[in-house]
Structures are given as C-alpha cells and as structure tokens.
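Architecture and fold: a report
If you want the building blocks of each chain, they are given just below.
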Amino acid sequence: MTLFWIVSGAAALAVAAILARALLHARAGAAPGTDHDLSVYRDQLREIDRDAARGAIPPEEAERLRTEVSRRILSADARSGGKAPPLTQPRGPALVLTALIVPGLLIGAFALYWQLGAPGYRDLGLQDRIIRARDARANRPDQAEAESRLPPSAEADAPADYLDLVEKLRTTVQDRPDDPRGHTLLARSEAALGNYAAAYAAQRQLIALKGDAATAQDYADLADMMVLAAGGYVSPQTEQVLDEIMRRDPENGVARYYGGLMMAQTGRPDAAFRIWDKLLRDSPADAAWIAPIRGQIQDLAMLAGVNDYAPPLPNPGIAGPSADDITAASGLTADDRQAMIQGMVDRLEDRLATQGGSPQEWAQLIGALGVLGDADRAAAIWAEARIVFAAQPEALGIVEQAATDAGVAQ
C-alpha cells in the first residue's frame, strides 16, 4: 500500500511540475503573425526549388512563383520592422496558481481514490485469492436461504385441463407414495409449471425409491431443478448432488456445467473457465448448456487472465439412429425390434425433459408413443408441450398435428 501512495504522489507531482512550468514560462501573446508568414514563405521557396529540380514545373513557371513569393517575403518583412517582442506574463499570478496546483492535484487525487477506490485494501496474491474463494465457497448460503431471497414466482399460465391433470397427479402420488412412475411424472409436471421446489422434492423421493439403482441422469434432473429453484444459484446441497453425478458419470454435461457455474459464483473464474472450455469442446452443438456457456465464456476468460480467447467451433452431434442401428434392427425379431424402438423413445423423452428440443422432436416423440400404443404418455407429453411452446404458435402447431394424428389432442 505504501508503494501505491509513493507512485501516486510522484505522478501527481510530475503533472503539477509540467503545469507549473507552462505557467511560469507563458507569454502574454503568441508569436507575431508576420514571423509565421515569413516561415511559410521560405518553406514555399524551398518547395518550388524541389519541384523545379524534379521537373514537376517548367522553369518559367518556377521563376514566376519565386518572384511572387519573394515579393510577399519583402512585404511581410516590411510589416514586421520595429515590432516590439512579446511581453512575458506577469509572474505574480503565475506563482500563485503554481502554489495552488500542487496541493490541489494531491488532494483531488486522494479524494477521487477515496470515493472510487478501496482504501486499506491490500493487493491479493494468487494464493490469497484462492483461500478467499475457498472460504466463500464453504460459507455461502444454503438452498433454503437462496430460495427465501427470491421474490414469489407468478403462477404458470397453463391450460385448465393441464392444471387439473397435475392436481390429480399430486393426489395420486400422495395415495401411492411408493410409485416411482408417479414421482417421475410429478417432478416433470411441477417443473413445467415453474414449481421447481416441489419438482425437486418429488425428484428426491424418486431417487430415494430407486436407491442404488438411481442413475446419473436422475441426479442431473435433481440438480437442474434445485438450481432453477434457487434462481440460478448453485448451493452447497446442489454441490453434493453434483458429486453424486460425477461419481456415476464423470463426463456428465449437466454436472460439469453447474460445476463451472459454482466456481464462477465463488471467486474462481480460472477454474470455471477451464471446466467450461473443455465442456464446449466435448459437447455436441445442440447440448442445452452450449448457449449459456457461449454467452458468458468470453467475460470469464478475461477474468481468468486468458487474452484473445476464441471459443471452439461447435461439435456436431449425431441425432437419431445410426446406420449400424438400422442394420442391427433388420435382423431382430419383432419383440426385440419393439424393445429397441422403446429404448430409443425413452432416451428421446429423457432428453426432451432435461435438455429441451425442437418442436419436430416433440412431435416425433408423441407420434412414436402413439404408434407404440402408449396413449397416456403421449397425452402427458402433449400437455407438457403446450406449456413449453405456449408463446410459439407455429411450433405448437407442429406438435399439435402430431398429437392429433396420435389421437390425444382434444
């Protein structure tokens, strides 16, 4: 801190010295106009000589120009004859101003730093910053406190029949608390309505019912709902969920994204940048976390001390069954082929529920469920799609057509 004040004071004194010198050596007026004119005319003569030497102007024209400029020089010289030299500025006022400049600059600089700076805040080395970030992470608000700080959320603008369906589902889950399917549907329905606290409560119960069979995706859904319930904040409780995900799936994109977000929120932009940069390189272009990362990683790179950072190009993903899948399906029995199709439908449903997707994908899912004869699931997906695409009439029309074809649109 002492070094800072020494450097700041020296800079203020240097500026004051420059201003004082200008005041003490100032003139009452500028140099006479005729002196300036004579200098210009002499420059013109030299320019004429150079042009004549290069052959840019004919000799006759050069001689005429010399005569004209020489006449102007004589005229200017005659006007300047007997002109008194410019008077110097009185030294009294200059000395007074000089005496005021030095303390004025010092006091002004100190006042500005006191207002905009951080007096008494010493410079932090890298190790000190890491320790502070670790303390901030250990002492940050928990999930309940983060949720309590948020303003009350507005009720979702959902169709009445969907709200009735969700209410019946809540009653069913209360009557049948050991039904995993009921908790799965309730968690998704509450999330679709924006009731994220209720959604992650149902998801927690689902994981408890599954026990050791709970998958990384189950925990990823829970983490997603908890972060949304906390307004985008990664709480210590959510961090524990992320640890569970990484134990089951170290490459899980949801856990890696929220892990980077947590690091950014707790003073470690360097760690957050490394996590997100690698995630960008590993993820397909349509992954749900790609857009939010690309919207923030440039600023994060600057905070991490990475200059001229260029985000990696999108990594195109592969949608739908591969050629190998189609070839393999052709050799299956009818039952095995049905099971394979069911597995693809389940994966698509899970992805749309956790990452979202295009209206065409929602329509594809509803159509597939209709073909499989699972009208209840198709109706539930159609009801959820009406919430997701409520503000997009064209997209909703695509999904509605599929629901109509599947016989679940009313």
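These figures come from a predicted structure and were not determined experimentally.

The rules we used
- Residues take numbers from 1 onward in each chain, read along the sequence in its written order.
- Whole-chain, interface and lining totals are the exception, using all residues; otherwise, since this is a predicted model, local features are given only for residues with pLDDT of at least 70 and side-chain atom pairs are given and counted only at 80 or more.
- As a convention, hydrogens and water are excluded, and side-chain values are obtained from all of the structure's heavy atoms.
- The secondary structure listing takes helices from DSSP runs of H or I that are at least 4 residues long and strands from runs of E that are at least 2 residues long, numbered from the N terminus.
- The rule is simple: take the accessible area with a 1.4 Å probe, protein chains only, and divide by the maximum for that residue type; under 20% is buried, over 50% is exposed, in between is partly exposed.
- For this analysis, residues touch if any pair of their heavy atoms sits within 4.5 Å.
- Accessible areas in this description were obtained via Shrake-Rupley with a 1.4 Å probe; residue shielding takes into account the shown protein chains only.
- Charge counting treats Lys and Arg as positive and Asp and Glu as negative, with His and both chain ends excluded.
- One side-chain nitrogen of Lys or Arg within 4 Å of one carboxyl oxygen of Asp or Glu is enough to make a salt bridge.
- Only rings of Phe, Tyr and Trp enter the pairing, Trp through its six-membered ring, and a pair is recorded when the two centres are within 6.5 Å. The plane angle decides the type: under 30 degrees is stacked, over 60 is edge-to-face, the rest tilted.
- Note on scores: pLDDT gives the predictor's confidence for each residue, bounded by 0 and 100.
- Distance thresholds for patches are 9 Å for like charges and 5 Å for nonpolar side chains (Val, Leu, Ile, Met, Phe, Trp, Tyr), applied to residues having over 30% relative accessible area and no salt bridge.
- Expected helix span is given by 1.5 Å per residue-to-residue step, counting one fewer step than there are residues.
- The definitions used throughout rest on a 1 Å grid laid over the protein atoms alone, on which a cavity is an enclosed set of points accommodating a 1.4 Å probe that cannot get out and a pocket is an open set flanked by protein within 12 Å on both sides along at least five of seven lines; lining residues are those having an atom within 4 Å of a point.
- Grid points are joined across faces, edges and corners, and a volume is the space filled by probe spheres set on the points.
- Gly counts as polar in this scheme, as do all residues outside two lists: the nonpolar Ala, Val, Leu, Ile, Met, Phe, Trp, Tyr, Cys and Pro, and the charged Asp, Glu, Lys and Arg.

Of the regular secondary structure elements, the protein holds 19 helices and 0 strands. The 410 residues of the protein split such that 31% are buried. At a minimum sequence separation of 6, the contacts of the protein that also span at least 24 residues come to 61%. Accessible area of the protein: about 24,700 Å², with a carbon and sulfur share of 58%.

Now for the side chain of E384. You can see E384 is positioned in helix α18 (residues 375–388). The side chain of E384 sits in the buried core without any salt bridge; R188 is the nearest counter-charge, 6.1 Å away.

Attention shifts here to the packing of aromatic side chains. As enumerated under the stated definition, the model contains 4 aromatic pairs in all. Ring centres 5.2 Å apart and planes at 55° place the aromatic pair Y257 and Y258 in the tilted group. Just as Y257 is buried, Y258 falls in that class too. Ring centres of W362 and F389 lie 5.9 Å apart, and the angle between their planes is 85°; this geometry places the pair in the edge-to-face category. Taken together, the residues span a long stretch of sequence, with W362 in helix α17 (residues 359–372) and F389 in the loop between α18 and α19 (393–406) at a distance of 27 residues. Taken together, the ring pairs connect Y257, Y258 and W276 into an aromatic cluster.

Now for the confidence of the model for the protein. Confidence along the protein averages 80 in pLDDT terms, with 80% of residues attaining 70 or more. Below pLDDT 50 for its whole length, residues 27–31 participates in 8 contacts with residues either more than four positions away or in separate chains.

With that settled, consider a nonpolar patch on the surface. Together, V96, L97 and L100 make up a nonpolar patch on the protein surface, roughly 280 Å² of accessible area in all. Mapped onto the fold, V96 is located in helix α4 (residues 91–116).

Below, the discussion takes up the side chain of E239. For E239, the position within the fold is in helix α11 (residues 236–248). Note on E239: relative accessible area 14%, which makes it buried. Not counting residues within four places of it along the chain, the set of residues in contact with E239 comprises R137, R140, V234 and M262.

What follows covers helix α13 (residues 269–282). Between its terminal C-alpha atoms α13 stretches 20 Å, which fits the 20 Å expected from 14 residues at 1.5 Å a residue. Those residues of α13 that sit buried are A271, A272, F273, W276, D277, L279 and L280. Buried-residue contacts for α13 involve α12 (253–265) and α14 (290–303).

Before going further, it helps to examine the layout of surface pockets. The space that makes up the second largest pocket amounts to roughly 710 Å³. In terms of lining residues, the second largest pocket is bounded by 31 residues, among which L165, D376, A379, A380 and A383 are the most central. Put simply, the parts of the chain that give the lining of the second largest pocket at least two residues each are α7 (160–175), α8 (180–192), α16 (334–355), α17 and α18. Tallying contributions element by element places α18 first for the lining of the second largest pocket, with 9 residues. Each residue belonging to the lining of the second largest pocket can be placed in one class, and the counts come to 16 nonpolar, 4 polar and 11 charged.

Inspection of the secondary structure puts M246 in helix α11. Along the sequence, M246 and A216 sit 30 residues apart, while their C-alpha atoms lie 7.7 Å from each other. Not counting chain neighbours up to four residues away, the residues in contact with M246 comprise A255 and R256.

For the structure on display, the rule yields 29 salt bridges. When the shortest N-O distance is used, the salt bridge between E63 and R66 registers 3.4 Å. Residue E63 and its partner R66 are located together in helix α3 (residues 59–80), separated by 3 residues, close to a single helical turn. Accessibility expressed as a relative area gives 25% for R66, which makes it partly exposed. Here the salt bridges do not stand alone but share partners, grouping R188, D346, E349, D350, D374 and R377 into one network.

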